[in-house]
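Descriptive analysis of the structure
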Amino acid sequence: MEKLIIITGHFGSGKSEIALNLSKKLRKEGEKVVLVDIDIVNPYFCIRDFRDELQAEGIELVSASPHLSNAELMVVPRQVSGAFYREDSCVIMDIGGDDMGAVVLGQYNAHLKDKPYEMYFVVNTLRPLTSDGRSVMEYMESIERSSRLKVTKLISNTNLSYETTAEDIISGEEKVFEISEATGLPVAYTVVRRDLVDEVKERIKGEILPIDIYMKPPWR
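Along each chain, numbering runs from 1 in the same order as the chain's sequence is written. With pLDDT at 70 or above as the cut-off, local features in this predicted model cover only qualifying residues; side-chain atom pairs require 80 or more to be listed or tallied, and sums for whole chains, interfaces and linings still use all residues. Think of the side-chain values as coming from all heavy atoms in the structure, minus any hydrogens and water.

1. Focus: the overall build of the chain
Per the secondary structure count, the chain includes 8 helices and 8 strands. Burial classes follow relative accessibility: with a 1.4 Å probe on protein chains only, a residue under 20% of its type's maximum area counts as buried, one over 50% as exposed, and anything between as partly exposed. Within the chain, buried positions represent 52% of all 220 residues. Residues are treated as being in contact if the distance between any of their heavy atoms lies within 4.5 Å. At a minimum sequence separation of 6, the contacts of the chain that also span at least 24 residues come to 76%. Carbon and sulfur atoms make up 49% of the accessible area of the chain, which amounts to about 10600 Å² in all. Elements are defined by DSSP. Helices are runs of H or I of four residues or more, strands are runs of E of two residues or more, and each kind is numbered from the N terminus. Per-residue and other accessible areas follow the Shrake-Rupley method at a 1.4 Å probe size, with only the shown protein chains counted as cover for residues.

What follows is the structure, encoded as structure tokens:
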């Protein structure tokens, strides 16, 4: 396998948005990308809703059946196991944002034992349960226990969707770098909504991942 990236974090931290945008970024850079959606926790913001768009861009999507999106079942597609052996591709996995989602990932522990992977933990410091370093680290440890895997990098994604300000992003990144220093985990990206990049780029410490918002709430 060329590259396996697992994206996890607290419920509502922005994992699916990042998985979509990172897949598109790597595809534009010439990578062959397989995006695996095994987020069974949130039925409302689903990567599988973008299947046609992703396929048009040359990104392969592996996901559960849309007919199961509202079922409270740990149903994961059989094709997921095969994704671990895609040596020609960058595989990006979007994991559900709580212990149940991490347990689903733990089912594939045997496939990951001897394979290199990166597990990114997404941090949104404007979410109530991950607003400070201690709560973030506690939640990260619970994900590691449930998945039986180790987080390798952090992603700073402090945001309020369309209400996000430049100061939100900068103050959130400062907290994430404090967590990085405390844990020894590097920061892979600081996520910035594309229209705010010019406003913050001179004040951001890490590598910026510009994103477009795809997961729009139904009232927009």
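There's more to say after this.
2. Quick notes on the pattern of salt bridges
The salt bridge criterion pairs a side-chain nitrogen of Lys or Arg with a carboxyl oxygen of Asp or Glu, the two atoms within 4 Å. Enumeration according to the criterion identifies 12 salt bridges in this entry. Note that E53 and K24 form a salt bridge whose closest N and O atoms lie 2.8 Å from each other. Within this pair, whereas E53 is found in helix α2 (residues 51–56), its partner K24 is found in helix α1 (residues 15–28), the two being separated by 29 residues in sequence. Accessibility expressed as a relative area gives 32% for E53, which makes it partly exposed.

3. Regarding the nonpolar core
In these notes, a set of buried Ala, Val, Leu, Ile, Met, Phe, Trp, Tyr and Cys residues joined through side-chain atoms within 4.5 Å is what counts as a nonpolar core. If you look at the biggest cluster of nonpolar residues, it comprises 30 residues, and the most contacted ones within it are I6, V36, I38, V80, M93 and F121. Looking at this core, the elements with two or more residues in it are β1 (3–9), β2 (33–38), α3 (79–83), β4 (90–95), α4 (99–106), β5 (118–123), α6 (133–147) and α7 (166–183). Sorting elements by how many residues they give to this core places α6 first, with 4 residues.

4. Remarks on the pairing of strand β6 (residues 153–156)
One ladder, built from 4 bridges, connects β5 with β6; its direction is parallel. The residue of β6 that forms the bridge with V122 is I155. A crossover counts as right-handed when, viewed with the strands pointing away from the observer, the path leading from the first strand over the helix to the second turns clockwise. In this region the chain leaves β5, passes through α6 and returns to the parallel neighbour β6; the handedness of that crossover is right-handed. Viewed along the sheet, the connection from β6 through α7 into strand β7 (residues 187–193) turns out right-handed. DSSP calls a pair of strands paired once it identifies at least 2 bridges connecting them.

5. Observations regarding unusual backbone geometry
Note: most peptide bonds trans; most residues except glycine with negative phi. At R148, a position not held by glycine, the phi torsion is positive, near 60°. Tracing the sequence through the fold places R148 in the loop between α6 and β6. Here the phi dihedral of S161 falls at roughly 55°; this positive angle occurs in a residue that is not glycine. Within the fold, S161 resides in the loop between β6 and α7. By relative accessible area, which is 29% here, S161 ends up partly exposed.

6. Quick notes on the packing of α6 against α7
Contact pair α6 / α7: the axes reach a minimum separation of 10 Å and the direction vectors enclose 60°. Taken together, the axes of α6 and α7 lie oblique to each other. In terms of crossing hand, the pair formed by α6 and α7 is right-handed. Contacts between α6 and α7 involve G133, V136, M137 and M140 from the former and I179, A182 and T183 from the latter. The residue inventory of the contact of α6 with α7, partitioned by class, reads 5 nonpolar, 2 polar and no charged. The angle between two axes is taken between their N-to-C directions and runs from 0 to 180 degrees, where each axis is a line fitted to C-alpha atoms and a helix contributes only its stretch in contact. In these notes the angle categories are as follows: under 35 degrees is roughly parallel, over 145 is roughly antiparallel, 65 to 115 is roughly perpendicular, and the rest is oblique. By convention, the crossing between two helices is left-handed when the near helix turns anticlockwise from the far helix through less than a right angle, and right-handed when the turn is clockwise. Side-chain classes are defined by residue name, with Ala, Val, Leu, Ile, Met, Phe, Trp, Tyr, Cys and Pro counting as nonpolar, Asp, Glu, Lys and Arg as charged, and the others, Gly among them, as polar.

7. Points about α6
A helix is expected to reach a length of 1.5 Å times the quantity of its residues less one. The end-to-end C-alpha distance of α6, which contains 15 residues, comes to 21 Å, matching closely the 21 Å that a straight helix rising 1.5 Å per residue would cover. All of the buried residues along α6 are S135, V136, Y139, M140, S142, I143, E144 and S147. Throughout this description, a polar contact denotes any pair of N or O atoms lying within 3.5 Å of each other; where both atoms belong to protein, one of them has to be capable of donating a hydrogen while the other can accept it, and for residues adjacent in sequence the pair is counted only when both atoms sit in side chains. You can read the cap of α6 off the contacts: a side-chain oxygen lies 3.1 Å from the backbone nitrogen of R134, and it is on D132.

8. So, the side chain of N157
Relative to the helices and strands, N157 is located in the loop between β6 and α7. The exposure class of N157 is buried, given its relative accessible area of 4%. At a separation of 2.7 Å, a polar atom in the side chain of N157 contacts the main-chain carbonyl oxygen of S13. Beyond its immediate sequence surroundings of up to four residues, N157 is in contact with S13, G14, I18, V122, V123, N124 and V191.

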